[in-house]
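Survey of secondary and tertiary structure
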Amino acid sequence: QVQLVESGGGLVQAGGSLRLSCAASGYISGLYAMGWYRQAPGKQRELVASITRTGSTNYADAVKGRYNISRDTAKNTVYLQMNSLKPEGTAVYYCKADFWMGSSYWGQGTQVTVSS
């Protein structure tokens, strides 16, 4: 069993910054990548950013240059630094962990609200 615990969401004004954290625990042998997704009301869940065990990153076009994903391998934690936030960034942000055997786990989600 794998547990993902997210933190760091909240309310911020447009132009501000937030940092999200996601700590993985449990049976995490075989962890391949971790990422952040978001789901706004009435929209599908979408990838925001991901990072592999080796440090390769991938970003959605909408956040490139403003968001930065990083990880602390020793702590099995991934971070998402969000700068220059926009109101369209308002969503529930979910952490996801992918494993070599094909399984995936999701966190419970953390609300990010960006006011204009």
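Relevant structure appears above.
These numbers were taken from a predicted model, which means no experiment stands behind them.

Right, let's get into the overall build of the chain. Within the chain, the secondary structure is distributed over zero helices and 11 strands. Reading the helices (α) and strands (β) of the chain from amino to carboxyl end gives β-β-β-β-β-β-β-β-β-β-β. The C-alpha atoms of the chain give a radius of gyration of 14 Å, which matches the 13 Å a tight globule of 116 residues would have. Principal-axis analysis of the C-alpha atoms gives the chain an extent of 40 × 25 × 20 Å. Considering the chain as a whole, with its 116 residues, one finds that 42% of them fall into the buried category. When the accessible surface of the chain is summed, it comes to about 6,200 Å², and 48% of that surface belongs to carbon and sulfur atoms. Across the chain, the 11 positively charged side chains and the 6 negatively charged ones have centroids separated by 3 Å.

Okay, the sheet that holds strand E7 (residues 67–72) next. Here four strands make up an open sheet; going across it, the order is E1-E3-E8-E7 and the pairing antiparallel. Whereas interior strands pair on both sides, the edge strands pair on one side only; in this sheet they are strand E1 (2–7) and E7. Here the strands of the sheet are splayed against their neighbours by 15 degrees on average, with no regard to which way each runs. Bridging between E7 and strand E8 (residues 77–82) involves six bridges; their strand directions are antiparallel. If you follow Asp72 over to E8, its bridge partner there is Thr77.

Further remarks concern the nonpolar core. Grouped together as the largest cluster of nonpolar side chains are 30 residues, with contacts concentrated most on Met34, Trp36, Leu80, Met82 and Tyr93. When residues of this core are traced back to their parent elements, those giving at least two are E1, strand E3 (18–26), strand E4 (31–39), strand E5 (46–52), E7, E8, strand E9 (91–99) and strand E11 (110–115). Per element, the largest residue contribution to this core is five residues, and it comes from E9. What Met82 contacts, discounting residues up to four positions off in sequence, is Gly16, Ser17, Leu18, Leu20, Arg66, Tyr67, Tyr93 and Val112.

On to the state of the cysteines, then. According to the stated counting rule, one finds one disulfide in the structure shown. Between the sulfur of Cys22 and that of Cys95 lies a disulfide, 2.1 Å long from S to S. Because the torsion about its S-S bond is -85 degrees, the bridge between Cys22 and Cys95 counts as left-handed. Placement of Cys22 in strand E3 and of Cys95 in strand E9 is noted, with a sequence separation of 73 residues between them. Across the pair, exposure class does not vary: Cys22 and Cys95 are buried alike.

Calculation criteria
- Counting restarts for each chain, with residues numbered from 1 along the sequence as it is written.
- The predicted origin of the model limits local features to residues at a pLDDT of at least 70 and limits the giving and counting of side-chain atom pairs to 80 or more, whereas totals for whole chains, interfaces and linings rest on all residues.
- Water and hydrogen atoms play no part in the side-chain values, which are based on all heavy atoms of the structure.
- A helix here means a DSSP run of H or I that spans at least four residues, while a strand means a run of E at least two residues long, and both kinds are numbered starting from the N terminus.
- Using C-alpha atoms as the atom set, the radius of gyration is obtained and then compared with a globule rule of 2.2 Å times the number of residues to the power 0.38.
- Using a 1.4 Å probe on the protein chains alone, a residue whose accessible area is under 20% of its type maximum counts as buried, one over 50% counts as exposed, and one in between counts as partly exposed.
- Surface accessibility in these figures is a Shrake-Rupley result with a 1.4 Å probe; residues are shielded only by whichever protein chains are displayed.
- Positive: Lys, Arg. Negative: Asp, Glu. His and the chain ends are not part of the count.
- Lysine's charge is taken at NZ, arginine's at CZ, aspartate's at CG and glutamate's at CD.
- Two strands qualify as a pair provided DSSP detects at least 2 bridges between them.
- Only the stretch in contact is used when a helix axis is fitted, and all axes are lines through C-alpha atoms; the angle between N-to-C directions ranges over 0 to 180 degrees.
- Among buried residues, the Ala, Val, Leu, Ile, Met, Phe, Trp, Tyr and Cys ones that are joined through side-chain atoms within 4.5 Å form a nonpolar core.
- By definition in these notes, contact holds between two residues if any of their heavy atoms fall within 4.5 Å.
- Counting rule for disulfides: a pair of cysteine sulfur atoms within 2.5 Å.

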